Amino acid sequence: MSSGIYCSAKIIWDYHLLHQPVVKSDCLFVLCSNDIRVAEYAAQLFLQGYAPYIVFSGNVGEISEGLFPTSEAEHFANIARGMGVPNDCIYIEPLATNTGENIIKTRELLQANQLDPQRFILVQKPFMERRTLATFEKQWLNKIAVVTSPPLTLDEFANDVISYGDLVNVMVGDLQRIRYYPTLGFSTEQVIPSSVWQAYQYLVAAGFDDHLAANIPRD
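None of the values given here were measured: they were computed from a predicted structure.

Chemist: Give me the lowdown on the overall build of the protein, citing residues and values where you can.
Modeler: If you tally the helices and strands in the protein, you get eight helices and five strands. When the helices and strands of the protein are listed from N to C terminus, the series reads α-β-α-β-α-β-α-β-α-β-α-α-α. In terms of overall size, the protein behaves like a compact globule, its C-alpha atoms giving a radius of gyration of 17 Å where 219 residues would be expected to give roughly 17 Å. By principal-axis analysis of the C-alpha atoms, the protein measures approximately 50 × 35 × 30 Å. Expressed as a percentage of the 219 residues in the protein, the buried residues total 51%. Counted over contacts in the protein with a minimum sequence separation of 6, partners at least 24 positions apart contribute 76%.

Chemist: Which residues make up the nonpolar core, and what values do they have?
Modeler: Counting 40 residues, the largest nonpolar core has Val30, Phe56, Phe120, Leu122 and Val123 as the members making the most contacts within it. For this core, the secondary structure elements donating two or more residues are β1 (27-31), α2 (36-47), β2 (54-57), α3 (72-82), α4 (99-112), β4 (119-123), α5 (129-139) and β5 (144-148). At seven residues, the largest contribution of residues to this core is made by α2. Counting residues in each nonpolar core, the second largest holds 31 residues, with Ile162, Val196, Ala213 and Ile216 among its members.

Chemist: An account of helix α1 (residues 3-16) is requested, with residue identities and associated values reported.
Modeler: Taking 1.5 Å of rise per residue, 14 residues should cover 20 Å, and α1 covers 20 Å from first to last C-alpha, within 8% of that figure. Buried residues in α1 make contact with α5, α6 (154-157), α7 (164-180) and α8 (194-205).

Chemist: So what's going on with the environment of phenylalanine 127? Residues and values would help.
Modeler: Counting through the fold element by element, phenylalanine 127 comes out in the loop between β4 and α5. Phenylalanine 127 gets classed as buried once you look at its relative accessible area, which sits at 1%. Residues phenylalanine 127 and aspartate 14, 113 residues apart in the sequence, show an inter-C-alpha distance of 8.1 Å. Apart from the residues lying within four places of it in its own chain, the contact partners of phenylalanine 127 are Trp13, His16, Phe157, Leu167, Val170, Met171 and Asp174.

Chemist: Give me the state of the cysteines: which residues, what numbers.
Modeler: Inspection of every chain in the model, using the stated rule, returns zero disulfides. With no disulfide partner, cysteine 32 has as its closest neighbouring cysteine sulfur the one in cysteine 27, 12 Å distant. Accessibility expressed as a relative area gives 9% for cysteine 32, which makes it buried.

Chemist: Account for the packing of α7 against α8, with residues named and values stated.
Modeler: Look at α7 against α8: their axes get within 10 Å of each other, and the N-to-C directions meet at 130°. Relative to α8, the element α7 is oriented oblique. In this structure, α7 crosses over α8, and the sense of that crossing is left-handed. Along the contact surface, α7 presents Val168, Val172, Leu175, Gln176, Arg179 and Tyr180, while α8 presents Val196, Trp197, Tyr200, Leu203 and Val204. Each residue belonging to the contact of α7 with α8 can be placed in one class, and the counts come to nine nonpolar, one polar and one charged.

Chemist: Describe the pattern of salt bridges, naming the residues involved and giving the relevant values.
Modeler: A full pass over the atoms with the stated rule returns five salt bridges. In this structure, the salt-bridge partner of arginine 37 is aspartate 35, at a minimum N-O distance of 2.9 Å. Take arginine 37: its relative accessible area is 19%, and that puts it in the buried class. Overall, aspartate 35 belongs to the buried group, its relative accessible area being 6%. In this structure, aspartate 174 engages arginine 131 in a salt bridge whose closest nitrogen and oxygen atoms are separated by 3.3 Å. Of this pair, aspartate 174 sits in helix α7 while arginine 131 sits in helix α5, and the two are 43 residues apart along the sequence. In terms of burial, aspartate 174 and arginine 131 fall into one category: buried.

Reading guide: rules and limits
- Residues numbered from 1 in each chain as written.
- Predicted model: local features only at pLDDT ≥ 70, side-chain atom pairs only at ≥ 80, totals over all residues.
- Heavy atoms only, no water.
- Helix = DSSP H or I, 4+ residues; strand = E, 2+ residues; numbered from the N terminus.
- Rg over C-alpha atoms; globule rule 2.2 N^0.38 Å.
- Buried < 20%, exposed > 50% of the residue type's maximum accessible area, 1.4 Å probe, protein only.
- Contact = heavy atoms within 4.5 Å.
- Core = buried A, V, L, I, M, F, W, Y, C linked by side-chain atoms within 4.5 Å.
- Expected span 1.5 Å × (residues − 1).
- Disulfide = S-S within 2.5 Å.
- Axes fitted to C-alpha atoms, helices over the stretch in contact; angles between N-to-C directions.
- Parallel < 35°, antiparallel > 145°, perpendicular 65-115°, else oblique.
- Left-handed = near helix turned anticlockwise from the far one by under 90°.
- Nonpolar A, V, L, I, M, F, W, Y, C, P; charged D, E, K, R; others polar.
- Salt bridge = Lys/Arg side-chain N within 4 Å of Asp/Glu carboxyl O.

Printed below as a string of C-alpha coordinates:
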(Lines give C-alpha, C1' and ligand atoms only; values in the text may rest on other atoms or scores of the structure.)
Protein backbone atom coordinates (compact mmCIF):
# COMPACT_ATOMS: atom_id res chain seq x y z
CA MET A 1 0.00 0.00 0.00
CA SER A 2 1.47 3.36 -1.04
CA SER A 3 1.88 6.16 1.49
CA GLY A 4 -0.79 8.24 -0.27
CA ILE A 5 -3.34 5.44 -0.09
CA TYR A 6 -2.47 4.64 3.52
CA CYS A 7 -2.67 8.28 4.65
CA SER A 8 -6.02 8.75 2.89
CA ALA A 9 -7.37 5.53 4.39
CA LYS A 10 -6.25 6.62 7.85
CA ILE A 11 -8.06 9.97 7.47
CA ILE A 12 -11.30 8.17 6.60
CA TRP A 13 -10.83 5.57 9.34
CA ASP A 14 -10.42 8.31 11.93
CA TYR A 15 -13.50 10.12 10.65
CA HIS A 16 -15.69 7.03 10.96
CA LEU A 17 -14.71 6.57 14.63
CA LEU A 18 -16.68 8.62 17.17
CA HIS A 19 -14.91 7.62 20.42
CA GLN A 20 -18.09 7.88 22.47
CA PRO A 21 -17.89 6.81 26.12
CA VAL A 22 -19.92 3.73 26.96
CA VAL A 23 -22.41 4.11 29.81
CA LYS A 24 -24.83 1.67 31.41
CA SER A 25 -27.90 1.33 29.20
CA ASP A 26 -31.07 -0.68 28.70
CA CYS A 27 -29.96 -2.72 25.67
CA LEU A 28 -26.85 -3.80 23.83
CA PHE A 29 -27.74 -3.71 20.13
CA VAL A 30 -25.21 -5.56 17.97
CA LEU A 31 -25.26 -4.95 14.22
CA CYS A 32 -23.74 -8.16 12.96
CA SER A 33 -21.30 -8.72 10.12
CA ASN A 34 -18.41 -10.94 9.10
CA ASP A 35 -16.30 -9.78 12.05
CA ILE A 36 -16.68 -11.99 15.13
CA ARG A 37 -14.55 -9.57 17.16
CA VAL A 38 -17.70 -7.45 17.38
CA ALA A 39 -19.58 -10.37 18.96
CA GLU A 40 -16.76 -10.96 21.45
CA TYR A 41 -16.61 -7.27 22.38
CA ALA A 42 -20.39 -7.09 22.86
CA ALA A 43 -20.31 -10.16 25.10
CA GLN A 44 -17.57 -8.54 27.19
CA LEU A 45 -19.70 -5.42 27.60
CA PHE A 46 -22.64 -7.53 28.77
CA LEU A 47 -20.48 -9.46 31.23
CA GLN A 48 -19.19 -6.13 32.58
CA GLY A 49 -22.79 -5.15 33.37
CA TYR A 50 -23.41 -2.46 30.76
CA ALA A 51 -26.91 -3.71 29.83
CA PRO A 52 -29.31 -6.47 30.94
CA TYR A 53 -29.72 -8.06 27.50
CA ILE A 54 -28.26 -8.18 23.97
CA VAL A 55 -29.91 -8.11 20.57
CA PHE A 56 -27.97 -9.58 17.66
CA SER A 57 -29.27 -8.46 14.25
CA GLY A 58 -28.16 -9.62 10.82
CA ASN A 59 -28.83 -12.18 8.11
CA VAL A 60 -26.04 -12.79 5.58
CA GLY A 61 -24.06 -10.04 3.86
CA GLU A 62 -21.94 -9.89 0.74
CA ILE A 63 -18.73 -10.46 2.70
CA SER A 64 -20.15 -12.99 5.20
CA GLU A 65 -21.91 -15.20 2.61
CA GLY A 66 -20.68 -18.75 3.15
CA LEU A 67 -18.54 -17.70 6.12
CA PHE A 68 -20.86 -18.97 8.88
CA PRO A 69 -23.16 -22.02 9.01
CA THR A 70 -26.04 -19.79 10.17
CA SER A 71 -27.12 -16.17 9.93
CA GLU A 72 -24.69 -13.59 11.29
CA ALA A 73 -27.02 -12.96 14.25
CA GLU A 74 -27.23 -16.63 15.21
CA HIS A 75 -23.47 -17.09 14.86
CA PHE A 76 -22.75 -14.03 16.98
CA ALA A 77 -25.23 -15.24 19.59
CA ASN A 78 -23.48 -18.59 19.77
CA ILE A 79 -20.19 -16.79 20.42
CA ALA A 80 -21.80 -14.78 23.22
CA ARG A 81 -23.25 -17.92 24.79
CA GLY A 82 -19.83 -19.55 24.65
CA MET A 83 -18.40 -16.59 26.56
CA GLY A 84 -20.98 -16.92 29.33
CA VAL A 85 -23.90 -14.72 28.27
CA PRO A 86 -27.12 -16.45 29.46
CA ASN A 87 -29.43 -17.56 26.69
CA ASP A 88 -32.42 -15.79 28.25
CA CYS A 89 -30.54 -12.47 27.92
CA ILE A 90 -30.09 -12.88 24.15
CA TYR A 91 -32.51 -11.83 21.41
CA ILE A 92 -31.89 -12.76 17.78
CA GLU A 93 -33.06 -10.87 14.69
CA PRO A 94 -31.84 -13.00 11.73
CA LEU A 95 -33.43 -11.28 8.73
CA ALA A 96 -31.90 -7.80 8.31
CA THR A 97 -29.63 -7.32 5.31
CA ASN A 98 -28.59 -3.67 5.78
CA THR A 99 -28.17 -1.10 8.54
CA GLY A 100 -31.64 0.38 8.16
CA GLU A 101 -33.23 -3.06 8.37
CA ASN A 102 -31.09 -3.89 11.43
CA ILE A 103 -32.78 -1.03 13.22
CA ILE A 104 -36.33 -1.44 11.90
CA LYS A 105 -36.46 -5.20 12.44
CA THR A 106 -34.85 -4.96 15.87
CA ARG A 107 -37.47 -2.41 16.88
CA GLU A 108 -40.17 -4.85 15.75
CA LEU A 109 -38.52 -7.73 17.63
CA LEU A 110 -38.33 -5.79 20.89
CA GLN A 111 -41.90 -4.58 20.56
CA ALA A 112 -43.05 -8.17 20.00
CA ASN A 113 -41.30 -9.09 23.24
CA GLN A 114 -42.90 -6.12 25.05
CA LEU A 115 -39.54 -4.43 25.55
CA ASP A 116 -39.16 -0.68 25.25
CA PRO A 117 -35.52 0.24 25.97
CA GLN A 118 -34.75 3.95 26.10
CA ARG A 119 -30.95 3.83 26.13
CA PHE A 120 -28.94 1.76 23.69
CA ILE A 121 -25.33 0.80 23.21
CA LEU A 122 -24.85 0.18 19.49
CA VAL A 123 -21.99 -2.26 18.83
CA GLN A 124 -20.44 -2.22 15.38
CA LYS A 125 -17.16 -2.43 13.48
CA PRO A 126 -14.91 0.63 14.00
CA PHE A 127 -15.31 2.06 10.51
CA MET A 128 -19.10 1.82 10.70
CA GLU A 129 -19.61 3.74 13.94
CA ARG A 130 -20.65 7.04 12.39
CA ARG A 131 -23.05 5.64 9.80
CA THR A 132 -24.62 3.30 12.34
CA LEU A 133 -25.40 6.10 14.77
CA ALA A 134 -26.62 8.41 11.98
CA THR A 135 -28.97 5.69 10.74
CA PHE A 136 -30.25 4.90 14.23
CA GLU A 137 -30.96 8.57 14.90
CA LYS A 138 -33.07 8.76 11.75
CA GLN A 139 -34.86 5.43 11.97
CA TRP A 140 -35.59 5.20 15.70
CA LEU A 141 -36.65 8.56 17.07
CA ASN A 142 -36.83 9.58 20.73
CA LYS A 143 -34.24 7.06 21.89
CA ILE A 144 -30.78 7.66 23.33
CA ALA A 145 -27.83 5.79 21.84
CA VAL A 146 -24.07 5.68 21.88
CA VAL A 147 -22.00 3.63 19.48
CA THR A 148 -18.88 1.65 20.23
CA SER A 149 -16.63 -0.90 18.57
CA PRO A 150 -13.73 -3.23 19.37
CA PRO A 151 -10.66 -1.10 20.21
CA LEU A 152 -8.71 -1.82 17.04
CA THR A 153 -6.47 0.45 14.98
CA LEU A 154 -6.48 0.58 11.20
CA ASP A 155 -3.34 -1.54 11.16
CA GLU A 156 -4.87 -4.10 13.52
CA PHE A 157 -8.20 -4.44 11.75
CA ALA A 158 -7.27 -6.25 8.53
CA ASN A 159 -7.06 -10.03 8.94
CA ASP A 160 -7.62 -13.28 7.05
CA VAL A 161 -11.31 -12.43 6.58
CA ILE A 162 -10.97 -8.84 5.30
CA SER A 163 -7.83 -7.63 3.54
CA TYR A 164 -6.47 -4.08 3.60
CA GLY A 165 -7.83 -3.57 0.10
CA ASP A 166 -11.29 -4.82 1.00
CA LEU A 167 -11.24 -2.66 4.13
CA VAL A 168 -10.42 0.49 2.17
CA ASN A 169 -13.13 -0.28 -0.39
CA VAL A 170 -15.76 -0.69 2.34
CA MET A 171 -14.68 2.46 4.21
CA VAL A 172 -14.89 4.48 1.00
CA GLY A 173 -18.35 3.11 0.25
CA ASP A 174 -19.57 3.90 3.74
CA LEU A 175 -18.36 7.49 3.44
CA GLN A 176 -20.29 7.87 0.18
CA ARG A 177 -23.40 6.66 1.99
CA ILE A 178 -22.81 9.02 4.91
CA ARG A 179 -22.77 11.93 2.47
CA TYR A 180 -25.76 11.02 0.32
CA TYR A 181 -28.10 8.80 2.37
CA PRO A 182 -29.56 11.77 4.31
CA THR A 183 -31.08 13.01 1.05
CA LEU A 184 -32.91 9.67 0.76
CA GLY A 185 -34.15 9.84 4.35
CA PHE A 186 -31.97 6.95 5.52
CA SER A 187 -29.78 8.76 8.06
CA THR A 188 -29.08 12.10 9.71
CA GLU A 189 -26.78 14.69 8.17
CA GLN A 190 -23.09 14.50 9.10
CA VAL A 191 -20.46 17.19 8.66
CA ILE A 192 -17.71 15.90 6.39
CA PRO A 193 -14.50 17.99 6.56
CA SER A 194 -12.95 18.85 3.22
CA SER A 195 -9.82 16.85 4.08
CA VAL A 196 -11.96 13.73 4.56
CA TRP A 197 -13.77 14.17 1.25
CA GLN A 198 -10.49 14.82 -0.54
CA ALA A 199 -9.18 11.54 0.89
CA TYR A 200 -12.32 9.84 -0.43
CA GLN A 201 -11.81 11.32 -3.91
CA TYR A 202 -8.15 10.28 -3.91
CA LEU A 203 -9.05 6.68 -3.07
CA VAL A 204 -11.87 6.48 -5.61
CA ALA A 205 -9.48 7.78 -8.28
CA ALA A 206 -6.99 5.11 -7.17
CA GLY A 207 -9.57 2.41 -7.90
CA PHE A 208 -11.14 1.80 -4.49
CA ASP A 209 -14.71 1.88 -5.78
CA ASP A 210 -15.91 -1.70 -5.36
CA HIS A 211 -18.29 -0.84 -2.50
CA LEU A 212 -19.77 2.37 -3.95
CA ALA A 213 -23.55 2.40 -4.21
CA ALA A 214 -24.75 2.67 -7.79
CA ASN A 215 -27.94 4.61 -7.04
CA ILE A 216 -26.28 7.70 -5.52
CA PRO A 217 -23.53 10.07 -6.76
CA ARG A 218 -19.97 8.92 -6.35
CA ASP A 219 -18.32 12.36 -6.12
